[in-house]
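Summary of the model geometry
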Number of protein chains: 2
Amino acid sequence: MRYKILDSSNLQEYLFSLPEIKNYFNATKLIISEIGDGNLNFVFLATSATDSSKQLIVKQAVPYLRCAGESYPLSKERMTYEIRSLEAFSKLSQHIPKIYHSDEEMSVIIMEFLGEHIIMRKGMIESIIYPNFAKHISSYMANTLFKTSSLYLSSADKRSLISEYIGNAELCKLTEDFVFTAPFMKHETNAHLPELSDVAEKIANDVELKVKILELKNKFMNQSDALLHGDLHTGSIMINKQETYVIDSEFAFVGPMGFDIGALIANLIMSWISHKIQDDNETYQEWILECIEKIWNNFVLEFCALWDETQESALLTDGFANSDVLKAYQKEYMQTLLQESIGFAGCKIMRRQLGIAGVEDIRGIEDSHLREKANRLALSVGETFIKKHQNITKIDDISKLLKA
Amino acid sequence: MRYKILDSSNLQEYLFSLPEIKNYFNATKLIISEIGDGNLNFVFLATSATDSSKQLIVKQAVPYLRCAGESYPLSKERMTYEIRSLEAFSKLSQHIPKIYHSDEEMSVIIMEFLGEHIIMRKGMIESIIYPNFAKHISSYMANTLFKTSSLYLSSADKRSLISEYIGNAELCKLTEDFVFTAPFMKHETNAHLPELSDVAEKIANDVELKVKILELKNKFMNQSDALLHGDLHTGSIMINKQETYVIDSEFAFVGPMGFDIGALIANLIMSWISHKIQDDNETYQEWILECIEKIWNNFVLEFCALWDETQESALLTDGFANSDVLKAYQKEYMQTLLQESIGFAGCKIMRRQLGIAGVEDIRGIEDSHLREKANRLALSVGETFIKKHQNITKIDDISKLLKA
């Protein structure tokens, strides 16, 4: 269907023009409300007027930045990559909301409404423990990363996958600029407490740190391990005690696996820092640290199990590697991946303190003295991660490092 | 123009249908001869019947393997990548033959005839010293690699470049199979002396070696540094004492820079081994080793000079890195590149001893005892390169290693 902007006046007509959606609602009238508060897109909730259990989410990209208006153009084709990646991920993992309809031309995706779930970041701010989260998210990552890598796909399929996402240039550039660049230099988009000016300047002149950041940025741009979510923080996860869903994958591209894993670890650590600075709930802090270890350990378990049952892939021709070679290479592969994840986590943590986009866990700390304390702790953790990531050999190193 | 297979009966008509070619010859009759002896394509020499100084090369891919006939289909679209890359390289370096016409649909390229040059491999077998070669080829590599990398292009342009070559799947797969895989396992395509069966088996079971090969293969498949020639051996170079031209870039793709540099070094070393085993011409052997050092040193010089004069690129935003950061990162970047080059050189050397495609320098040694000696020396050098490449810190290490 040719592109047109959807709003509450034409959305019902549009939805009823799609047979599978008309069929789902089986109603003559829908209640439409705009519920999105994101920066980029419009999000509507459509509910059957006669059966309130029938609800779907409609998400559409407009050719500008939603929060800024038409004077800030941004290609609506970004939705293409969200559509493609959500569809790809939903074939590989159950932790993706059910997709009812998608249309690249219309930049629209229609999905299951997760009415009983909340954004994980908000849940963590409220100290809610999610007992299944570590298992779910590590399983999601093991499946999506392994099965889109050269360890699983054929050489030709891997190249096709890269070419499907290589056009996601605008959003990759946002990451290059706002995760790896602007926060570490004098830049008008940076937005930190004035009290942090001294440390921001010190960071901008830290040769060792910046060389490591360039290495990591180069990997982000040029290392095509697997199809990434591309923005896997706790704000991209819908959760409750039972279930976990990953959403908002418009940054998807084929890049280094450690970038997804690192984004997740970074955001868990920022929540840990927020609680550490603000409250005495040691159980919750301990849960977060255990969660990080469980995520990595279960990720390794599931990733390597998938690997062990794969006989032929782009990288590993059947018969090339005997079991000793395989074991030795796996060990090295996973260790490098852990190190890169921690390096990327460091960049993610630091940029959230200095750059344009903070995280609510820390930016929301009301007492500005405590907020500064949290910022400083986060910067110090991030710096250590970036500088020392190549020395890390096991996930326990992280808890030890944080507790020290 | 729609694809049709060219032969000596229809080539003149085709050439005269192209205004720029008709104009170049300014003749009514051409003398056509088929001169190609490669495995893949047809190559014709077209000469004006009235002015023998007017000569052009016409190269066309057919939808099968030339040397095997129509029963071995191979996509003629491979020529697309040769056309694109030769045109790209000719904008960046003077060491590319002049292109008069190209047509992706016809899988045809029409180029300058290099009548006063020979294939460098043949020249080296005849112990010819090429005094300008090191300077020329290092300049070619510095310019083509730097200017197609994230150190020079914008983020969006780099992504476009990747997408232009991501479809070259068939030829990349040939490299993955025949450089990184088959030679290091029991495989029906391998073709070595029966006397080498013991060492081939030892290699196939060498855990340390195979883990390193997997690392390098993974980089070949997933590290998109720059636009590579993809098959830069001495058989892809047309040369005389004055001039150097790079040809035959159908393997072009965006991959790790070290793969081009390593291919070149590997083939120079195989020539060195051939001379070392067969003759007493120490001057020539010494020239080869000096050549390798000069190539690397001049490459670094020109590459870093281009880098120093680049103010803004995908990787290095203007103002991000002060001169200390830049110097430290450059040093590390070049050292990693040297190490990767040596690692790839090791794979290239070993595969030429064990795999389907030998090199004339060594396979052409008539005395089978000497040939075996050369094979064994090459295998030992290759193995050391692969296992130890991450310990190499300067190019002199190579000569020392070879002399030891």
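Now for a look at the structure at hand. (Residues numbered from 1 in each chain as written. Chains lettered and ligands numbered in written order. Predicted model: local features only at pLDDT ≥ 70, side-chain atom pairs only at ≥ 80, totals over all residues. Heavy atoms only, no water.)

Here's the deal with the relation of the copies chain B and chain A
Applicable threshold: For this overlay, a least-squares fit was computed on C-alpha atoms, restricted to residues scoring pLDDT of at least 70 in both copies. It only takes one pair of heavy atoms within 4.5 Å for two residues to be counted as in contact.
In the superposition of chain B on chain A (RMSD 0.0 Å, axial shift 0.0 Å), the rotation amounts to 180°. Taken together, the turn and the small shift mark the pair as related by a two-fold rotation axis. Closest approach to the rotation axis within chain B is made by the C-alpha atom of Gln-223 of chain B, at a distance of 2.4 Å. In this assembly the copies share their binding face: 100% of the residues contributing to the interface of chain B also contribute to that of chain A.

Some remarks on the interface of chain B and chain A
Selection rule: In short, buried area is how much 1.4 Å probe accessible area vanishes from two parts on joining, totalled over both. We call two N or O atoms a polar contact when they sit within 3.5 Å, provided that within protein one can donate a hydrogen and the other can accept it, with sequence-adjacent residues counted only if both atoms are side-chain atoms. Under the scheme used here, helices are H or I runs from DSSP no shorter than 4 residues and strands are E runs no shorter than 2 residues, and both carry numbers assigned from the N terminus. For this scheme, ten residues count as nonpolar: Ala, Val, Leu, Ile, Met, Phe, Trp, Tyr, Cys and Pro. Four count as charged, namely Asp, Glu, Lys and Arg, and the remainder, Gly too, count as polar.
The interface is formed by 44 residues belonging to chain B together with 44 residues belonging to chain A. Counting each side, the surface lost to burial between chain B and chain A is near 4,000 Å², with a carbon and sulfur contribution of 62%. Area buried by chain B at its contact with chain A is led by Arg-159, Leu-214 and Phe-320 of chain B, which between them contribute 20% of it. If you look at where chain B meets chain A, you find 16 residue pairs in polar contact (both at pLDDT 80 or more). Contributing elements (two or more residues each) for the side of chain B that touches chain A: α6 (155-165), α7 (169-180), α9 (207-222) and α12 (323-354) of chain B. Sort the elements by how many residues they give to the side of chain B that touches chain A and α9 of chain B lands first, with 10 residues. In terms of residue class, the side of chain B that touches chain A is built from 22 nonpolar, 12 polar and 10 charged.

Concerning the sheet that holds strand β1 (residues 30-34) of chain B
Residue and element names in this part refer to chain B. Put simply, the rule reads: Any two strands with at least two DSSP-identified bridges between them are counted as paired. Fitted lines through C-alpha atoms give the axes, limited to the stretch in contact for helices. The angle between two N-to-C directions lies from 0 to 180 degrees.
The sheet built from 5 strands is open, its strands ordered β1-β2-β3-β7-β6 with antiparallel pairing. A strand with exactly one partner marks an edge of an open sheet, and here the two such strands are β1 and β6 (99-103). Neighbour to neighbour, the strand axes of the sheet diverge by 20° on average, direction disregarded. The sheet contact formed by β6 and strand β7 (residues 108-112) spans 4 bridges and is antiparallel. Across the sheet, residue His-101 finds its bridge partner in β7, namely Ile-110.

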